[in-house]
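Here's the letter readout for the chains.
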Amino acid sequence: MTWNTVTYAGWGRARSATGQVARPERQSSLLRDLANFAAPAFGMRRSYGDVALNDGGRAYDMTRLDRVVSFDPETGIVEVEAGIPIGDLGRAFAAKGWIPPVMPGTGFATVGGCIANDVHGKNHHVKGSFGQHVTAITLVQGAEVKTITPKSGAIWKATVGGLGQTGVIAKAKLQLMPCKGDMMVLTERRIDNLDEFLVAFDESKTDYTVGWIDATATGAHLGRGILEEGEITSGINTSKEGAKAVPFNAPGWALSAPVVRVFNELYFRRVPAKGRTSVKPITEPFFPLDAIHDWNRLYGKRGFNQFQCVVPPERVDVLRGMLEKIGASHLASPLAVLKKMGAGRGGYMSFPMEGYTLAVDFPNKDGAEELIKELTDMAQDAGGRIYFAKDGVAEATQVAGMYPEQDKWQRAVEKADPEGAMMTDLVRRLNLRESAKES
Amino acid sequence: MTQTAQTWIILGATSSMARAMARRLAKEGAMLILCGRDMEDLAASAEDCKARGASEALAMRFDARDNATFGPIVERAILNEGALNCAVFVGSMPEQSAINAEPSLIDGVVQDSHIGPATFLSMLAPHMEARGQGTVVGVGSVAGDRGRIGNYVYGSAKAGFATYLSGLRNRLTRAGGHVVTVKPGFVDTAMTWGIEGMFLVASPDAVAKDILRAVEKKKNVIYTPFFWRYIMLIIRHIPEFIFKKMSI
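What comes next concerns the included structure. (Residues numbered from 1 in each chain as written. Chains lettered and ligands numbered in written order. Predicted model: local features only at pLDDT ≥ 70, side-chain atom pairs only at ≥ 80, totals over all residues. Heavy atoms only, no water.)

Remarks on the overall build of chain B
Helix and strand counts for chain B stand at 9 helices and 7 strands. In terms of overall size, chain B behaves like a compact globule, its C-alpha atoms giving a radius of gyration of 18 Å where 248 residues would be expected to give roughly 18 Å. Counting across all 248 residues of chain B, residues that qualify as buried make up 52%. Counting contacts in chain B only where the partners sit at least 6 residues apart, residues at least 24 apart contribute 71% of the total. Charged side chains in chain B number 27 positive and 23 negative. The centres of these two groups are separated by 9 Å. (Helix = DSSP H or I, 4+ residues; strand = E, 2+ residues; numbered from the N terminus. Rg over C-alpha atoms; globule rule 2.2 N^0.38 Å. Buried < 20%, exposed > 50% of the residue type's maximum accessible area, 1.4 Å probe, protein only. Contact = heavy atoms within 4.5 Å. Lys, Arg positive; Asp, Glu negative; His and termini not counted. Charge placed at Lys NZ, Arg CZ, Asp CG, Glu CD.)

The structure is reproduced here in C-alpha cells:
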C-alpha cells in the first residue's frame, strides 16, 4: 500500500502533523508515486519544529532510500540517495580517508535534509555550509526528473537551503574531503563570560570550534561556558559504539530550573580549570547527543522548542541582551550553544551569515513560546535571522526582512511548484512563499 | 562472526530485509551477489554494500519464474573460493481474494515462493557439499505454520518451502553445511506499510540481526522477533474444530 495515515512530529515534539505518508523503498517507486501525487518529503525529522511537517496533507518519508549510489575514489565525489543519514556516510568513508566536509550536530540528519536546510557544522568558519559542497542534485518535480548543478542558476540557489519547496531531492552528489583518520584531538577549556568567549573565538585557530553556554548564568558570569576546539587526526576508531536510549518520557521536573542550574554547574566544572586535551572518535564531538537515542524524551511529552538565531558580528550587545533575558527567565535547558559563523552559504534562504549564532533549547512550558518570540524580535531588529530548521514558534511578521534574497527564492519556487504542492506547515505558518510579494 | 572471504548469494535482494542483511554482511567484508529483477535497484544496493565494506558486490538477474536465470548465478558464485552461502528472500503474496477470483494466480505464488528457490538451491547444493561448508538461509513465514482464510495459498507455498528446507538441512548437515529456516512475523516493509492490523512490527534490520545470529549459532528454525515462536505455538495448537471457525 502506498499511503498510510500517520501522526508524526518534528524533533522537538512540540509540533506534530497527521496525514498520509508514503515510504518508497526504491527510486522507481518514488518516481512513480511522485508522478501521481506531488507532495513534500521528509527524512529523519531531526528539524525541531514544523519545517518537515504537512498536517492534513501528504508527504514522502525518504528514510528507506538511504544508499550510496556511486563513489569515485579519484575525486572523492559520492552520490547518495537523499535518505541516507549523514553520520552513516561519515562512518562508511572515514576509514577510506574521506569525510563529509560539513556535518551538523546530529549524524541522524539525512543528506536531503542537510541540503534543504543548508546546514552548517562546527567548522562553518572554515568550510562554509553543507550546500557549498554539493555538486549535483536529482530533483523531482511531479512527473519531471531533472539533475541540477551549481551552474543551473536560480533553481540551484532556491533548492539549496530551500526548505524542499522546489521539488523532492531524490539523490545528490557530494564532494567529500580527504581526512587523515576518524579521530579528533579535542581541547576543552572553561570560559568565564561572554567577552572572554568572543576573544576566544577570534583567537581560535582550529577547524572545529564551538562553545557550550551555561544559559542559566547571570551577572558577572553571563555567557560563561566551555570552548571546544578540535582537529581531525590520524588513527581509526575501532571501538564498538553502543548507544543508550531514553526509554520513556521524563517527568516535568527533570529539566526544571534548579535541576538545570545544578547540572550546568557540574557540567562547567567537569572540565578542569586549566583545560584538557583528549583524542576521541570524531563521532563524539560531531554528534555529542547521538549516543543517547530519543534524548528528546528528556523534555517529557510536551516536548521542547529550540531557538536559534544569528546576529551580525557588531551586535554583541543584542547577544548579551538575549542571554540576560534567557538567564532571567529560568526557562533554559542545559543545551545552549554559541558559535562564530563565517559568511559561507549555499542558497537564497540559507541560514548562515557572518556573525554569532546562539542556539538554546526551551522545554515546552508556559512562557517559553513568548520568550522565543521576544528573542526572535530582538534578532530581527538587530539585522539577524532565525533558523527555520529549528523554529516552530515565530509569526510571519517576525521573519519579514530576515532573508534578503527571499524574493528571488519566491520567484524560483513559484516557477518550480506553481500549485504549491510542496508547502509545509512552517512555510504556511510563516507565509514564506507570499509575504515579501505582498509587501 | 567473521565473514571474511565468505560468499553470499542473496535472492530477492531488493526486499528491505535482504537489504539490511546485505549491509550487515558488507560490514564484515563479505563477497555479495545480489539477485533479483530490478537491476537498477540492485546496482544501487551493490554500490552501497561496497561503500560499507563488502570486498565485492555484484548485481545479477534472478527471476523465480525463469530457470534460465539460475545457472549463471551459480556459475559466478563458484568462481569465488571459500564458503558458499545463500539467503532466500523471494516470494509473492497476492491478495487471497484475487486468487479466489483467478485461481491460476496460484501458479505464480508457488513458483515464486517454493519451486523457483527450491530449484535454485538444488542446483547450488552439490557445490556446497563439495566444499564441505556453507549456510543456506531460507526465509519462510509464520503464515506457513497453519492455513488461514486470509492467505492460505501463500501460506501453503511457504509451508512447502519450509519442508524443502528441512530436507535440505538433513542433506547438507552430513556434508558440513547448514540450513537456517527463518519465520518472520510482521516486519516493517513496503509490503506491510499501511496495512491495518499490524502489531509488534519488527524493523528489517532487527530481523537481519536475528538471522545472522542464527547463522552464527547454527540454529535450525528461528522465529523473528523471537516471541512469534510462542504466538505460533498457540495458533498451531488450537484444535481444528475451533480453528476452522476463526478468522485470524
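Further notes follow.
As for the overall build of chain A
The helix and strand inventory of chain A stands at 14 helices and 21 strands. Taking 2.2 N^0.38 as the reference for a compact globule, 439 residues should give roughly 22 Å; the C-alpha atoms of chain A span a radius of gyration of 21 Å, in line with that estimate. Counting only C-alpha atoms, chain A reaches 60 × 50 × 40 Å along its principal axes. Taking all 439 residues of chain A together, the buried fraction comes to 60%.

Section: the packing of helix 3 (residues 70-77) of chain B against helix 5 (residues 105-131) of chain B
Residue and element names in this part refer to chain B. Two elements in contact, helix 3 and helix 5, have axes whose closest approach is 10 Å; the angle formed by their N-to-C orientations is 30°. One finds that helix 3 runs roughly parallel with respect to helix 5. Our pair here, helix 3 against helix 5, has a crossing hand that is right-handed. Residues Phe70, Gly71, Ile73 and Val74 of helix 3 form the contact with helix 5, whose own contacting residues are Gly116, Thr119, Phe120, Met123, Leu124 and His127. Residue composition of the contact of helix 3 with helix 5, grouped by class: 6 nonpolar, 4 polar and no charged. (Axes fitted to C-alpha atoms, helices over the stretch in contact; angles between N-to-C directions. Parallel < 35°, antiparallel > 145°, perpendicular 65-115°, else oblique. Left-handed = near helix turned anticlockwise from the far one by under 90°. Nonpolar A, V, L, I, M, F, W, Y, C, P; charged D, E, K, R; others polar.)

Comments concerning the interface of chain A and chain B
Between chain A and chain B, the contact holds 21 residues from the first and 20 residues from the second. Across the interface of chain A and chain B, roughly 1900 Å² is buried in total on both sides, 42% from carbon and sulfur atoms. One can count 6 salt bridges joining chain A with chain B. Across the pair Asp88(A) and Arg52(B) runs a salt bridge, and its minimum N-O distance is 3.8 Å. One can count 16 residue pairs in polar contact (both at pLDDT 80 or more) joining chain A with chain B. Among the secondary structure elements, those contributing two or more residues to the side of chain A that touches chain B are strand 2 (16-22), strand 5 (68-72) and helix 2 (86-94) of chain A. Ranked by the residues each element gives to the side of chain A that touches chain B, the list is headed by strand 5 of chain A, at 4 residues. Split by residue class, the side of chain A that touches chain B holds 9 nonpolar, 4 polar and 8 charged. (Buried area = accessible area lost by both parts, 1.4 Å probe. Salt bridge = Lys/Arg side-chain N within 4 Å of Asp/Glu carboxyl O. Polar contact = N/O pair within 3.5 Å; in protein donor to acceptor, adjacent residues only side chain to side chain.)

Notes on helix 10 (residues 368-381) of chain A
Residues and elements named next belong to chain A. The terminal C-alpha atoms of helix 10, which comprises 14 residues, lie 20 Å apart, in line with the 20 Å expected from a rise of 1.5 Å per residue. Buried residues along helix 10 sit in contact with strand 18 (304-311), helix 9 (316-329), strand 20 (355-363), strand 21 (385-386) and helix 11 (396-399). Residue Gly383 follows helix 10 closely and has a positive phi angle near 80°. (Expected span 1.5 Å × (residues − 1).)

Side note on empty space enclosed by the protein
All names here are of chain A. Summed over the entire model, instances satisfying the criterion amount to 4 cavities of 30 Å³ or more. Taken together, Lys122, Met184, Leu186, Tyr208, Thr209, Val210, Glu228, Glu229, Gly230, Pro285 and Phe286 make up the lining of the largest cavity. Contributing elements (two or more residues each) for the lining of the largest cavity: strand 12 (183-191), strand 13 (208-213), strand 14 (225-233) and helix 8 (283-286). A per-class count over the lining of the largest cavity returns 6 nonpolar, 2 polar and 3 charged. (1 Å grid on protein atoms, 1.4 Å probe; cavity = no way out; pocket = protein on both sides within 12 Å on 5 of 7 lines; lining within 4 Å. Points joined across faces, edges and corners; volume = space filled by probe spheres on them.)

A few points about helix 6 (residues 194-203) of chain A
Side chains three or four residues apart in an α-helix point the same way, a direct result of the helix having 3.6 residues per turn. All names here are of chain A. Three or more residues of helix 6 are buried, namely Leu194, Phe197, Leu198, Ala200 and Phe201. The buried residues of helix 6 occupy an angular sector of 160° when the element is viewed end-on, so they sit on one face. Of the residues flanking the start of helix 6, the one acting as N-cap is Asn193, its side-chain oxygen 3.2 Å from the backbone nitrogen of Asp195. (Arc of directions from axis to C-beta.)

A closer look at the packing of helix 9 of chain A against helix 10 of chain A
Residue and element names in this part refer to chain A. Two numbers describe how helix 9 lies on helix 10: the axes approach to 10 Å, and their chain directions differ by 170°. Taken together, the axes of helix 9 and helix 10 lie roughly antiparallel to each other. Between helix 9, through Val318, Gly321, Met322, Lys325, Ile326 and Ser329, and helix 10, the contact on the second element is made entirely by Leu371, Glu374, Leu375, Met378 and Ala379. By residue class, the composition of the contact of helix 9 with helix 10 is 7 nonpolar, 2 polar and 2 charged.

Considerations on the environment of Asp66(B)
By the secondary structure assignment, Asp66(B) is in the loop between strand 3 (56-61) and helix 3. Sequence spacing of Asp66(B) and Thr192(B) is 126 residues, and the spatial spacing of their C-alpha atoms is 27 Å.

Looking at the side chain of Arg52(B)
You can see Arg52(B) is positioned in the loop between helix 2 (39-51) and strand 3. Among the polar contacts listed, one links the side chain of Arg52(B) to the side chain of Asp48(B), at a separation of 3.0 Å. For Arg52(B), the contacting residues outside a window of four places in its chain are Asp66(A), Ile84(A), Asp88(A), Ala92(A), Arg23(B), Ala26(B) and Lys27(B).

With respect to the side chain of Asn117(A)
By the secondary structure assignment, Asn117(A) is in the loop between helix 3 (111-116) and helix 4 (124-127). In contact with Asn117(A), other than residues within four places in its own chain, are Ser47(A), Val51(A), Gly161(A), Leu163(A), Tyr387(A) and Ala389(A).

Describing a nonpolar patch on the surface
Residues Phe241(B), Ile242(B), Met246(B) and Ile248(B) make up a contiguous nonpolar surface patch of roughly 360 Å² in combined accessible area. Mapped onto the elements, Ile248(B) comes out in the segment after helix 9 (240-243). (Patch = residues over 30% accessible without salt bridge, like charges linked within 9 Å, V, L, I, M, F, W, Y side chains within 5 Å. Areas by Shrake-Rupley, 256 points an atom, 1.4 Å probe, with all protein chains shown as cover.)

Overview of the pattern of salt bridges
Inspection of every chain in the model, using the stated rule, returns 43 salt bridges over all chains. Between Arg64(A) and Asp188(B) there is a salt bridge, with its nearest N and O atoms 3.5 Å apart. Of this pair, Arg64(A) sits in the loop between strand 4 (58-61) and strand 5 while Asp188(B) sits in the loop between strand 6 (178-184) and helix 7 (204-216), on two different chains. Look at Arg64(A) and you get buried, because its relative accessible area is 15%. Taking the relative accessible area as the measure of exposure, Asp188(B) reaches 24% and is therefore partly exposed. A salt bridge links Asp112(B) to Arg65(B); the nearest nitrogen and oxygen atoms lie 2.7 Å apart. Of this pair, Asp112(B) sits in helix 5 while Arg65(B) sits in the loop between strand 3 and helix 3; the two residues are 47 residues apart in sequence, bridging distant segments of the chain. Owing to a relative accessible area of 10%, Asp112(B) belongs among the buried residues under this scheme. Bridged by salt links that share partners, the residues Asp66(A), Asp88(A), Arg91(A), Arg23(B), Asp48(B) and Arg52(B) form one connected network.

Examining the nonpolar core
The biggest cluster of nonpolar side chains holds 118 residues, and the ones touching the most others in it are Leu89(A), Val111(A), Phe130(A) and Phe362(A). The contacts of Phe362(A), once residues within four sequence positions are left out, are Phe304(A), Asn305(A), Phe307(A), Ile326(A), Leu331(A), Ala332(A), Ala368(A), Leu371(A), Ile372(A) and Leu375(A). Of all hydrophobic cores here, the second largest spans 33 residues; its members include Ala26(B), Ala30(B), Cys49(B) and Ala208(B). (Core = buried A, V, L, I, M, F, W, Y, C linked by side-chain atoms within 4.5 Å.)

Considering the packing of aromatic side chains
Aromatic ring pairs: the centre-centre distance and the angle between the two ring planes describe each pair. Scanning all chains against the criterion turns up 24 aromatic pairs over all chains. A centroid spacing of 5.4 Å and a plane angle of 75° characterise the contact between Trp11(A) and Trp295(A), whose relative ring orientation is edge-to-face. Note that Trp11(A) is positioned in the loop between strand 1 (4-9) and strand 2 and Trp295(A) in the loop between strand 17 (292-293) and strand 18, a separation of 284 residues in sequence. Members of the aromatic cluster, joined through ring pairs, are Trp11(A), Tyr48(A), Trp295(A), Tyr299(A) and Phe304(A). The ring of Phe93(A) carries Lys96(A) above its face, with NZ or CZ at 5.9 Å from the centroid. Between the NZ or CZ atom of Arg146(B) and the centre of the ring of Phe243(B), over which it lies, the distance is 3.9 Å. (Phe/Tyr/Trp six-rings, centres within 6.5 Å; stacked < 30°, edge-to-face > 60°. Lys NZ or Arg CZ within 6 Å of the ring centre and 35° of its normal.)

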